[in-house]
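Each chain, letter by letter, is given below.
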Amino acid sequence: MRLLIVEDEKRLAAALGRGLEADGYAVDLAHDGPTGLRLALEGTYDLVVLDIMLPGLNGYRICARLRAAGRDVPILMLTAKDGVYDEAEGLDTGADDYLTKPFSYVVLQARVRALLRRRTGGGPPSLRVGDLVLDRAARRVERDGTAVELTTKEFAVLEHLAVHAGRVVSKAEILDHVWDMAFDGDPNIVEVYVSALRRKIDAPFARRSITTVRGAGYRLEAAGGRRGPA
């Protein structure tokens with residue numbers, strides 16, 4: 001999943017970005033209001049973490065403009081202010097939740113997870129594709145009851161394929177959703193991660209659930225039973 005943090009305190013923004021990336025999210029950063037609004041309008045984000053006091057354009061106005069433009073992305077507002085009127089103004093402009101600085105990173109993690117669950121209608125906390133099960137909260141994977149160890153980035157790629165199980169997901173879509181906009185490496189990095197996933201979730205179980213659709217992308221499907229000898 002891809003998140004946008006709009007926060008002018010650069011050290012705080014960087015710390016939040018590192019933490020959320022370690023949790024497996026792709027994270028973009030903006031340090032002023034106009035840049036944050038542009039990115040939120042142009043990009044495809046699953047959630048925006050939005051400070052209120054920003055140079056150029058405050059968080060209230062950004063939130064109002066996003067809602068006026070029809071963007072329904074969940075917005076978690078951050079502010080150093082404290083008071084019910086500030087919270088009410090944020091929620092009235094279309095924010096989904098509100099967090100007052102200073103805050104615990106553990107609380108922010110929980111708020112992010114809750115908003116992401118709400119965006120998908122409250123769940124599911126787990127994704128099942130045949131005998132492959134992804135626990136999205138714990139970021140664990142099992143196949144046929146056996147735990148499979150994945151890196152955070154491998155999990156993010158697999159999660160995106162699982163959310164769209166049965167349909168073709170392009171390499172560009174995976175890059176856009178799993179890597180942040182600062183990534184300027186070889187797009188073939190997606191192939192590297194798909195190959196790693198096949199080695200971990202398919203080969204040991206004699207399955208073939210991730211297929212390549214030439215010229216289009218990848219598709220995750222329930223494996224139709226164990227493969228016979230080659």
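Residues numbered from 1 in each chain as written. Predicted model: local features only at pLDDT ≥ 70, side-chain atom pairs only at ≥ 80, totals over all residues. Heavy atoms only, no water.

### Points about the sheet that holds strand β3 (residues 47–51)
So, step 1. With parallel pairing, the five strands of this open sheet are ordered in space as β2-β1-β3-β4-β5. A strand with exactly one partner marks an edge of an open sheet, and here the two such strands are β2 (26–30) and β5 (97–100). Along the sheet, successive strands turn relative to each other by an average axial angle of 20°, direction set aside.
So, step 2. Bridge analysis of strand β4 (residues 75–79) against β5 gives four bridges, and the strand direction is parallel. Counted as the bridge partner of L78 is L99 from β5. (Pairing = 2+ DSSP bridges. Helix = DSSP H or I, 4+ residues; strand = E, 2+ residues; numbered from the N terminus. Axes fitted to C-alpha atoms, helices over the stretch in contact; angles between N-to-C directions.)

### Some details on the packing of aromatic side chains
So, step 1. Taken as a whole and assessed by the stated rule, the structure comprises one aromatic pair.
So, step 2. Note on W179 and Y193: the rings are 5.4 Å apart at their centroids and 70° apart in plane angle, and the pair reads as edge-to-face. Of this pair, W179 sits in the loop between α7 (171–178) and α8 (189–202) while Y193 sits in helix α8, and the two are 14 residues apart along the sequence.
So, step 3. For W179, a relative accessible area of 8% gives the class buried.
So, step 4. A cation over an aromatic ring shows up here: R139 above the ring of Y25, its NZ or CZ 5.7 Å from the ring centre. (Phe/Tyr/Trp six-rings, centres within 6.5 Å; stacked < 30°, edge-to-face > 60°. Buried < 20%, exposed > 50% of the residue type's maximum accessible area, 1.4 Å probe, protein only. Lys NZ or Arg CZ within 6 Å of the ring centre and 35° of its normal.)

### Details of helix α3 (residues 59–68)
For an α-helix, the turn length of 3.6 residues means that residues three or four places apart are oriented alike.
So, step 1. All of the buried residues in α3 are G59, Y60, I62, C63 and L66. Burial along α3 is one-sided: seen end-on, the buried residues are contained in an arc of 165°.
So, step 2. Of the residues flanking the start of α3, the one acting as N-cap is N58, its side-chain oxygen 3.0 Å from the backbone nitrogen of Y60.
So, step 3. Taken from the residues just after α3, G70 is the one with a positive phi, measuring 85°. (Arc of directions from axis to C-beta. Polar contact = N/O pair within 3.5 Å; in protein donor to acceptor, adjacent residues only side chain to side chain.)

### Looking at the pattern of salt bridges
So, step 1. Taken as a whole and assessed by the stated rule, the structure comprises 17 salt bridges.
So, step 2. Measuring nitrogen to oxygen at the nearest pair gives 2.5 Å for the salt bridge that ties R2 to D176. One end of the pair, R2, is in strand β1 (residues 2–6); the other, D176, is in helix α7, with 174 residues separating them in the sequence.
So, step 3. The class of R2 is buried, set by a relative accessible area of 5%.
So, step 4. For D176, a relative accessible area of 33% gives the class partly exposed.
So, step 5. Measuring nitrogen to oxygen at the nearest pair gives 3.3 Å for the salt bridge that ties R111 to D97. Of this pair, R111 sits in helix α5 (residues 105–119) while D97 sits in strand β5, and the two are 14 residues apart along the sequence.
So, step 6. A cluster of three or more residues bridged by salt bridges with shared partners is formed by E7, E9, D51 and K101. (Salt bridge = Lys/Arg side-chain N within 4 Å of Asp/Glu carboxyl O.)

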